[in-house]
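Residues per chain, in single letters:
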Amino acid sequence: AKKISDVPFPFSFAQLLAVILLVFTIMLPIYVAAFTKSYIAGPLLTFMVFHSITCVNRLAEILENPFGHDMDDISLEDFHMRFLQVMEVTIAALDV
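This part is about the pattern of salt bridges. Note on pairing: side chains with opposite charge can pair once their charged atoms come close. Under the defined criterion, the tally for this structure stands at two salt bridges. Among the salt bridges present, the one from Glu 61 reaches Arg 58, with a minimum N-O distance of 3.2 Å. Of the two residues, Glu 61 and Arg 58 both sit in helix H2 (residues 41–64), three residues apart, roughly one turn of that helix. Judged by its relative accessible area of 42%, Glu 61 is partly exposed. In this structure, the salt-bridge partner of Asp 78 is Arg 82, at a minimum N-O distance of 3.2 Å.

Residues Phe 9, Phe 13, Leu 16, Leu 17 and Ile 20 make up a contiguous nonpolar surface patch of roughly 450 Å² in combined accessible area. Within the secondary structure layout, Leu 17 lies in helix H1 (residues 11–36). A residue is classified by how much of its surface remains accessible, and Leu 17, at 36% relative accessible area, is partly exposed.

Moving on, we get to unusual backbone geometry. Phi is positive for Lys 37, close to 50 degrees, though the residue is something other than glycine. Here Lys 37 shows up in the loop between H1 and H2. Under the relative-accessibility criterion, Lys 37 is labelled exposed at 72%.

Checked against the element boundaries, Thr 46 lands in helix H2. The class for Thr 46 is buried, based on a relative accessible area of 14%. Not counting residues up to four positions away in its chain, the partners in contact with Thr 46 are Leu 28, Pro 29 and Val 32.

Moving on, we get to the environment of Thr 36. Summarising the element assignment, Thr 36 is placed in helix H1. Exposure remark for Thr 36: the relative accessible area of 27% places this residue in the partly exposed category. Sequence-distant contacts of Thr 36, defined by excluding residues within four places in its chain, comprise Gly 42 and Leu 45. At 2.7 Å, the side chain of Thr 36 and the backbone oxygen of Val 32 are in polar contact.

Now for the packing of H1 against H2. Where H1 contacts H2, the axes come no closer than 9 Å and their chain directions differ by 155 degrees. By the angle between their directions, the pair H1 and H2 is classed as roughly antiparallel. The chirality of how H1 crosses H2 is right-handed. Taken together, the residues of H2 that come into contact with H1 (itself represented by Leu 21, Phe 24, Thr 25, Leu 28, Pro 29, Val 32 and Thr 36) are Gly 42, Leu 45, Thr 46, Val 49, Phe 50, Ile 53 and Asn 57.

A few words now on the environment of Asp 73. Its location among the elements puts Asp 73 in the loop between H2 and helix H3 (76–95). In this structure Asp 73 comes out as buried when scored by relative accessible area, which is 18%. For the pair Asp 73 and Asp 95, spaced 22 residues apart in the sequence, the C-alpha separation amounts to 36 Å. At 3.3 Å, the side chain of Asp 73 forms a polar contact with the backbone nitrogen of Asp 70.

Procedures and definitions
Residues numbered from 1 in each chain as written. Predicted model: local features only at pLDDT ≥ 70, side-chain atom pairs only at ≥ 80, totals over all residues. Heavy atoms only, no water. Salt bridge = Lys/Arg side-chain N within 4 Å of Asp/Glu carboxyl O. Helix = DSSP H or I, 4+ residues; strand = E, 2+ residues; numbered from the N terminus. Buried < 20%, exposed > 50% of the residue type's maximum accessible area, 1.4 Å probe, protein only. Patch = residues over 30% accessible without salt bridge, like charges linked within 9 Å, V, L, I, M, F, W, Y side chains within 5 Å. Areas by Shrake-Rupley, 256 points an atom, 1.4 Å probe, with all protein chains shown as cover. Contact = heavy atoms within 4.5 Å. Polar contact = N/O pair within 3.5 Å; in protein donor to acceptor, adjacent residues only side chain to side chain. Axes fitted to C-alpha atoms, helices over the stretch in contact; angles between N-to-C directions. Parallel < 35°, antiparallel > 145°, perpendicular 65-115°, else oblique. Left-handed = near helix turned anticlockwise from the far one by under 90°.

In structure tokens form, the structure reads like this:
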């Protein structure tokens, strides 16, 4: 069985999500204004919902490829060095 991490995320699905997020962004203020009918709650609710959805989308993009050289990425060199240390300890334990 293949691991989930071995299967790439389909580009067309990512494009579809971007279009859906764009339509959601355009329609959200209209829906919130229609349902709240408030000059204070409407913009605040729109702001909170929009930024929540945008943050979840951005987090998903970051988690799509966790390895790299950005601040929040997993360092492959460090990950590999820790793996080698564990393997050396395992080999030493088997030699006893």
